[in-house]
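Descriptive structure summary
Here's the letter readout for the chains.
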Amino acid sequence: MIKSLIESLLTIVKKPAVLLAGIVFILINFAFRYFMEEQAIEVLFKFFEFSTYPVFSLEKMPFQLIASYPGDLFFLGAVLILNSVIGLMLSVSIANYIFEKKSIVSSIIYSFSNIVKILALVLFFGLILVFSVIVLWLVSLFALATGLIGAIILLLVILLMGFVLIHFAFVPALIGKGMKIKEALKESWNFSAKNIFGLILLLIAIALINSVLTQIYIAILNSGIGEDEVLMIFIELILSLIILTYSNIVFPAYYLNKNK
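Everything quoted here is computed from the prediction, not taken from an experiment. (Residues numbered from 1 in each chain as written. Predicted model: local features only at pLDDT ≥ 70, side-chain atom pairs only at ≥ 80, totals over all residues. Heavy atoms only, no water.)

Let's talk about the nonpolar core
Rule in force here: Nonpolar cores are built from buried Ala, Val, Leu, Ile, Met, Phe, Trp, Tyr and Cys residues. Side-chain atoms within 4.5 Å join them into one set. Exposure classes here rest on a 1.4 Å probe applied to the protein chains alone. A residue is buried below 20% of its type maximum, exposed above 50%, and partly exposed in between. Secondary structure elements follow DSSP: runs of H or I of four or more residues count as helices, runs of E of two or more count as strands, with numbering from the N terminus. The contact criterion used is simple: two residues touch if any of their non-hydrogen atoms lie within 4.5 Å.
In this structure, V18, F170 and L202 are the most contacted members of the largest nonpolar core, which totals 51 residues. For this core, the leading source of residues is helix α4 (residues 70-100), giving 14 residues. If we ignore the near neighbours within four places in the chain, the residues touching L202 are M1, L5, V250, F251 and Y254.

The structure is reproduced here in structure tokens:
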């Protein structure tokens, strides 16, 4: 695990061209946000205006929300799908670069050529998310009705969902390796099952590293430099680029090291 973390950092240092993928998709995401973010924020704030909600019980909540805000929910779903596609294209590009050892430009082109596969994968996980929300809603109803026992069951269900989700952590990287969706899902599950404790430690390490970089940004923001808005935007973009690139290098690097 430590070897993969160090190698991922060295990859950025020795092959800074890998940052190009992050630059491309950050710019695409920026253009997307320019046209959609303001409306998305307005819709989100609408959901936080609880005083406008009709009175309904938890049992009727999903149905009432869908009936009351069908257009808003559809819009937020579309925004989430597009954001996920952009993020997944970045992951696939970097993974392809690590696995195939070709130019980063060809890896970026590879992700665009597989956009239908990437979209299908996003929709697949979207369906899993919807199913998970339904299950959590049903278990929450049971927890309210049964008290402590139901609360324990709810916690166990959440842990189980997290455990299952971890097993699919390598799917984007394996798509970048050239696998089909079904093949990538199966391989990710089998590989993660064999290395579950190492994978959990890897995820914790990535979270800690990202947290450190975020704290560095906050420290800079609170310093005298933070008064320069243009400079802070530039620093934020650089840190975001490093965090995204590093996080997406680690998974294919870990996969390669474990399969040597």
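Back to the text.
Observations concerning a positive patch on the surface
Heads up, the rule is: In this scheme, patches are assembled from residues that exceed 30% relative accessible area and form no salt bridge. Like charges are connected within 9 Å, while nonpolar side chains (Val, Leu, Ile, Met, Phe, Trp, Tyr) are connected within 5 Å. Using a 1.4 Å probe, the Shrake-Rupley method yields the accessible areas, and only the shown protein chains count as cover for residues. Salt bridge, as used here: a side-chain nitrogen of Lys or Arg that lies within 4 Å of a carboxyl oxygen of Asp or Glu. The positive count covers Lys and Arg only, the negative count covers Asp and Glu only, and His and the chain ends enter neither. In this description, the location of a charge corresponds to atom NZ of lysine, CZ of arginine, CG of aspartate or CD of glutamate.
Together, K3, K14, K15, K101 and K260 make up a region of like positive charge exposed at the surface. Looking at where K15 falls in the secondary structure, it is placed in the loop between α1 (2-14) and α2 (19-48). Note on K15: relative accessible area 44%, which makes it partly exposed.

Quick word on the environment of A21
Mapped onto the elements, A21 comes out in helix α2. Overall, the relative accessible area of 0% leaves A21 in the buried class. Between the C-alpha atom of A21 and that of S91, which follows or precedes it by 70 residues, the distance is 9.0 Å. In contact with A21, other than residues within four places in its own chain, are L90, S93, I94, I104 and I108.

Some thoughts on unusual backbone geometry
Leaving glycine aside, a negative phi is the common case for residues, and trans is the common case for peptide bonds. Here the phi dihedral of K101 falls at roughly 60°; this positive angle occurs in a residue that is not glycine. On the secondary structure map, K101 appears in the loop between α4 and α5 (104-113).

A look at the environment of N195
Its place among the elements puts N195 in the loop between α9 (181-194) and α10 (196-221). N195 gets classed as buried once you look at its relative accessible area, which sits at 14%. Sequence separation between N195 and Y255 is 60 residues; the distance between their C-alpha atoms is 9.9 Å. When residues no more than four places from it in sequence are discounted, the contact partners of N195 are Y254 and K258.

All quantities given are derived from atomic positions and should not be read as evidence of function.
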